[in-house]
Amino acid sequence: QAMGDAKAQQEKLSAILNEAEERSRLMMAEMEDQLVECDYPAVSRRVIADAVKLGTGVMKGPITGTRIRKGWKKPDFANDNQGSGYGGYEMQISEGDQPSFVWVDLFSFFPDPDATEIKNGQGTYERHLFNKKQLRCLKDLQGFDKRALRRLVERDPSGQQPSYLADLRNIRQANNQIVGAVYHVWEYWGPLEHEDVMDLAAAVNSRAAYDAVKDIDPLNEVNAVVWFCDNEVLKFALYPYESGECIYSVYNFMKDESSIFGYG
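This structure is a prediction, so every number in the text was calculated from the model and none was measured. (Residues numbered from 1 in each chain as written. Predicted model: local features only at pLDDT ≥ 70, side-chain atom pairs only at ≥ 80, totals over all residues. Heavy atoms only, no water.)

(A) Spatial organisation of the overall build of the protein chain. Helix and strand counts for the protein chain stand at seven helices and ten strands. Burial status across the protein chain gives 33% buried among its 264 residues. Of the contacts made within the protein chain by residues no fewer than 6 positions apart, 67% connect residues no fewer than 24 positions apart. As displayed, the protein chain offers around 17,300 Å² of accessible surface, 51% of which is attributable to carbon and sulfur atoms. (Helix = DSSP H or I, 4+ residues; strand = E, 2+ residues; numbered from the N terminus. Buried < 20%, exposed > 50% of the residue type's maximum accessible area, 1.4 Å probe, protein only. Contact = heavy atoms within 4.5 Å. Areas by Shrake-Rupley, 256 points an atom, 1.4 Å probe, with all protein chains shown as cover.)

Structural data, given as structure tokens:
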């Protein structure tokens with residue numbers, strides 16, 4: 001009987017191991033599909049190219065909510081003679097929760113200047129130069145305040161193109177000059193003071209964010225994500241990583257021990 005019990009236990013453990021191996025295989029396949037879908041190899045090549053030329057390449061991720069899915073679907077109540085006029089099908093937009101990685105323009109990347117490792121910095125700023133079309137696209141992404149975006153779109157952009165863009169065109173001997181103002185949209189990832197978090201939650205009228213931080217001890221660090229432009233808070237959310245790990249990854253061709261940035 002003891003041998004029978006041992007054999008049954010062995011078979012049970014073997015079944016558990018087989019299931020674990022199958023789940024691991026499926027998860028590996030899922031992760032590989034996600035990397036292919038977000039074009040991770042191409043993003044990595046851009047980061048490496050920056051590191052070779054400029055000494056530093058920057059990638060952001062994994063992040064979610066940066067893309068939306070659009071598709072034609074037939075509602076449950078529709079048939080061939082009902083619906084939107086397209087055989088009962090209608091356009092449906094859903095917020096994508098699939099992870100993605102993003103190449104970051106080094107000239108628009110502003111980490112903590114006192115840090116020598118990105119993980120030790122006190123927050124990171126990233127600048128986006130948007131026209132009205134690009135600004136409108138933010139309304140479909142997760143967490144953005146449509147009211148603030150509407151106020152921005154209703155007035156013309158006041159920001160000027162950075163001088164480095166003109167310098168790059170001069171180096172390339174390009175004849176066309178950069179004209180037109182743009183919106184300077186700033187994206188911040190990192191710690192905030194407890195009072196600042198409370199003020200931001202109130203500014204975007206986010207009761208959920210306010211309730212999540214109101215009882216936090218001021219001695220505890222609060223990490224957040226903030227998008228803003230021209231005194232408008234476009235997005236405020238708590239940090240997606242419970243560990244507080246930096247969302248940005250920095251690769252140096254040759255490391256400078258006194259700085260985040262390296263040598264090309």
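(B) Layout of the sheet that holds strand β5 (residues 109–110). Spatially, five strands are ordered β5-β6-β7-β8-β9 in an open sheet, and the strand pairing comes out antiparallel. On the outer flanks of this sheet lie β5 and β9 (232–238), each paired with one strand and no other. Sheet topology places strand β8 (residues 222–229) next to β9; six bridges connect them, and they run antiparallel. Considered in β9, the bridge of Cys 229 is made with Glu 232. (Pairing = 2+ DSSP bridges.)

(C) Main features of unusual backbone geometry. The linkage connecting Gly 61 with the following residue, Pro 62, adopts the cis geometry, with an omega of 0 degrees. Mapping Pro 62 onto the fold places it in strand β1 (residues 56–63). Phi at Asp 230 takes a positive value of approximately 50 degrees, unusual for a residue other than glycine. Of note in the backbone geometry, Asn 231 takes a positive phi value of approximately 65 degrees without being a glycine. By the element assignment, Asn 231 lies in the loop between β8 and β9. Asn 231 gets classed as exposed once you look at its relative accessible area, which sits at 86%.

(D) View of the sheet that holds β1. With antiparallel pairing, three strands are arranged side by side in an open sheet as β4-β1-β10. The open sheet has two edge strands, β4 (100–104) and β10 (248–252), and neither has a second partner. Neighbour-to-neighbour, the strand axes of the sheet open up by a mean angle of 25 degrees, direction not taken into account. For β1 and β4, the ladder comprises four bridges, and the chain directions are antiparallel. Each bridged residue has a counterpart across the sheet, and for Met 59 the counterpart in β4 is Trp 103. (Axes fitted to C-alpha atoms, helices over the stretch in contact; angles between N-to-C directions.)

(E) Spatial organisation of the pattern of salt bridges. Considering all chains together, one arrives at nine salt bridges under this definition. Between Arg 23 and Glu 19 there is a salt bridge, with its nearest N and O atoms 2.7 Å apart. Here Arg 23 pairs with Glu 19, and both are found in helix α1 (residues 2–37), just four residues apart, close to one helical turn. For Arg 23, a relative accessible area of 56% puts it in the exposed group. What emerges from the salt-bridge pattern is a single network uniting Lys 60, Glu 126 and Glu 187. (Salt bridge = Lys/Arg side-chain N within 4 Å of Asp/Glu carboxyl O.)

(F) Summary view of the environment of Ala 181. With respect to the helices, strands and loops of the structure, Ala 181 is situated in the loop between α5 (163–171) and β7 (183–192). Since its relative accessible area comes to 31%, Ala 181 is described here as partly exposed. In this structure, Ala 181 is in contact with Pro 157, Ser 158, Gly 159 and Gln 160, ignoring residues within four places of it in sequence.

(G) How the structure looks around the nonpolar core. Leu 135, Leu 138, Val 185, Trp 227, Leu 234 and Tyr 248 are the most contacted members of the largest nonpolar core, which totals 28 residues. Counting only elements with at least two residues in this core, the list comes to β1, α4 (146–154), β7 and β8. Examining the composition of this core, we find that four residues originate from one element, α4, more than from any other. Ranked by size, the runner-up nonpolar core spans 13 residues in total, among them Tyr 188, Met 198, Ala 201 and Val 233. (Core = buried A, V, L, I, M, F, W, Y, C linked by side-chain atoms within 4.5 Å.)

(H) Quick peek at helix α2 (residues 40–54). Spanning 15 residues, α2 covers 21 Å between terminal C-alpha atoms, matching the ideal 21 Å at 1.5 Å per step. Along α2, the residues classified as buried are Ala 42, Val 43, Ser 44, Val 47, Asp 50 and Ala 51. Elements that come into contact with the buried residues of α2 comprise β1, β4 and β10. Positive backbone phi, at 100 degrees, marks Gly 55, one or two positions downstream of α2. (Expected span 1.5 Å × (residues − 1).)

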